[in-house]
Amino acid sequence: MIHKTLRLPSLQILFLPIALAFALSVHSYADVTLPTLVADHMVIQRGVPVHVWGMAAAHEAVSVTFRSETASGTADDLGRWSVYLSPGEAGGPFELIVKATNTITLSDILVGDVWVASGQSNMEFPMTGLVNAQAEIAAAQYPKIRLFRVEHKPADYPQEDVGSKGWAACTPDTVADSSAVAYFFARNLQQKLGVPIGLIETFWGGTAAESWTSLHALSADASLMPVFAARAKTVASESTTVLQLKQEEVEFQQAVAQAKADGKPLPWRQWHPDFAAWAPAALYDGMIAPLTPFAIRGVIWYQGESNSGPDRAPLYARLFQTMIRDWRDAWGEGNFPFLFVQIANWNTAAEDLWPDVRNAQRQALALKNTGMAVTIDIGDAVDIHPKNKQDVGLRLALAARAIAYGEKVEWSGPLYRQVTQEEHALRLWFDHAGGLMAKGAELTGFEVAGADGKYSAAEAKIEGTSVVVSSAAVLKPVSVRYGWAANPDCNLVNKEGLPASPFQAPE
């Protein structure tokens, strides 16, 4: 008997692995999948429709069951599907079941309030960096607080999903590397409200606000074109920057070796902006856009230091408010609470415009449902990352309790409202001004200027909910400013001890 070897034409041999790979990919793609954010241990926002979405085979039927309700949908031509279920009150734990050709069962799901915590390094500042870190971490046993950390990822276009290890209940093991500000914020809310709190942590130290704003929003406003001019300048010089960084790294390694040989402390590596992360919209596309299908209660934000340079600070008022509107448009939930931290006191470089950035942040309060935690009294003159994050989180939580939850609680220090002219003096009027007082012997931090624009230190006297300021050096003052320095000596507070925001007036 003669055995013949089966020979396939060369083209068939070439395409066989490709066809096999395609068949396998089609098979795996047919399985229904969920985004990283929709997972075990998550918190679903109470009081709004429950949105569940993902991927499946094109035109595949998908059903979702949650709290004894089932809703169905069909994947579109590209495999995307989306299902909404009825709103519900806080509670849990629940199961959520997704069925298509396969079945996914999610467990330990809570319903409560979801807050996004974003910004740069002072929001990213971990629990391990606190002065009393060991005690705070050991006490962080809050099973109704759930944490979701988004991995750093710049992108050139809006992504479908984020990288993350998933949701986890707050325990000493899971909280250690989490945002200290966000944790103290969530802890206060959970203790006061008694409902589950979900924290979506999406931040990146040393990043600019324009990176967190969509290209659509940036390009829609001609006054924001300097953002693109700054990027063009960065791109044009990047090849030279890369060479400089290589040389700097060589010198750094030499310095490390020398320090070790001499038994001296090791040097710090000089910080530089991340080229990809500083691109306009890069962090919005990679770390915000994928989150927007997930319903939230609001946002807490701590950023501004990276926009304090002389080329960026003048634009920050416009840019920051654009970013807030942009996020609200993207989530499509109306004017959800957007609460932010005003940058703290610090002895920054002389050319940086920290007072201007603080004033720009204060001006954002003109937007509905915004709140600002003033930290001009709890910074660190020599450390851009002050370690008192407990009070920062508490002040944000006070704002949330008043703005998001309608509690009758004072949440802000005195905020400048208007200035009126008096003989040889100016009278300043404030909101949140119950029980104005100086935190110290004398009221400090005020300066006045005449028509020449030259500021002199002013004497300040509290009268009810107003402050009268004058200076022997300025016979006819026309403008006033308060706390107008990178690290100012200023001490106006209200009866709750909350500090007044720095400002300049007239605007």
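These numbers were taken from a predicted model, which means no experiment stands behind them.

Draft legend 1. View of the overall build of the protein chain. Along the protein chain, the regular secondary structure elements total twelve helices and 23 strands. In terms of principal-axis extent, the alpha carbons of the protein chain reach across some 120 × 60 × 50 Å. Counting all 507 residues of the protein chain, 50% fall into the buried class. The contacts in the protein chain between residues at least 6 apart in sequence include a share of 72% that link residues at least 24 apart. Accessible surface, the protein chain: about 23,500 Å² in total, of which carbon and sulfur atoms supply 56%. Positive and negative charge centroids in the protein chain, built from 40 and 53 side chains respectively, lie 1 Å apart.

Draft legend 2. How the structure looks around the sheet that holds strand β21 (residues 479-482). Here we have four strands laid out as an open sheet, ordered β18-β17-β21-β23, and antiparallel in their pairing. Strands at the two margins of the open sheet, each flanked by one partner only, are β18 (455-457) and β23 (503-505). Here the average twist between neighbouring strands, direction ignored, is 20°. Across three bridges, strand β17 (residues 446-449) lies against β18 in antiparallel orientation.

Draft legend 3. Highlighting helix α11 (residues 354-363). Counting buried residues in α11 gives eight out of ten residues, a clear majority hidden from the surface. Turning to α11, its buried residues number three or more, namely Trp 354, Pro 355, Val 357, Arg 358, Asn 359, Ala 360, Gln 361 and Arg 362. Those residues of α11 that are buried lie in contact with α10 (316-331), β12 (338-341), β13 (370-373), β14 (415-422) and β23.

Draft legend 4. Geometry of the sheet that holds strand β19 (residues 459-463). In space, the four strands of this open sheet follow the order β14-β15-β20-β19, with antiparallel pairing throughout. In the strand order of this sheet, the two ends are held by β14 and β19, each with one partner. Adjacent strand axes in the sheet meet at a mean angle of 25° when their direction is disregarded.

Draft legend 5. The pattern of salt bridges, seen in detail. Counted according to the given criterion, the structure contains 18 salt bridges. One salt bridge connects Arg 146 with Asp 108, and the closest N-O pair in it is separated by 3.2 Å. Note that Arg 146 is positioned in strand β8 (residues 142-149) and Asp 108 in strand β7 (residues 103-119), a separation of 38 residues in sequence. A residue is classified by how much of its surface remains accessible, and Asp 108, at 26% relative accessible area, is partly exposed. Asp 311 is the salt-bridge partner of Arg 312, the closest N and O atoms lying 3.6 Å from each other. We classify Asp 311 as exposed; its relative accessible area is 55%.

Draft legend 6. Focus on the side chain of Arg 231. By the element assignment, Arg 231 lies in helix α7 (residues 225-236). Although Arg 231 lies buried, it forms no salt bridge, and the closest oppositely charged side chain, Glu 238, sits 6.6 Å away as judged by the N-O distance. The residues contacting Arg 231, other than those within four sequence positions of it, are Phe 275, Ala 276, Trp 278, Ala 279 and Pro 280.

The rules behind these values
- Residues numbered from 1 in each chain as written.
- Predicted model: local features only at pLDDT ≥ 70, side-chain atom pairs only at ≥ 80, totals over all residues.
- Heavy atoms only, no water.
- Helix = DSSP H or I, 4+ residues; strand = E, 2+ residues; numbered from the N terminus.
- Buried < 20%, exposed > 50% of the residue type's maximum accessible area, 1.4 Å probe, protein only.
- Contact = heavy atoms within 4.5 Å.
- Areas by Shrake-Rupley, 256 points an atom, 1.4 Å probe, with all protein chains shown as cover.
- Lys, Arg positive; Asp, Glu negative; His and termini not counted.
- Charge placed at Lys NZ, Arg CZ, Asp CG, Glu CD.
- Pairing = 2+ DSSP bridges.
- Axes fitted to C-alpha atoms, helices over the stretch in contact; angles between N-to-C directions.
- Salt bridge = Lys/Arg side-chain N within 4 Å of Asp/Glu carboxyl O.

Limitation: the analysis is restricted to geometry and does not speak to function.
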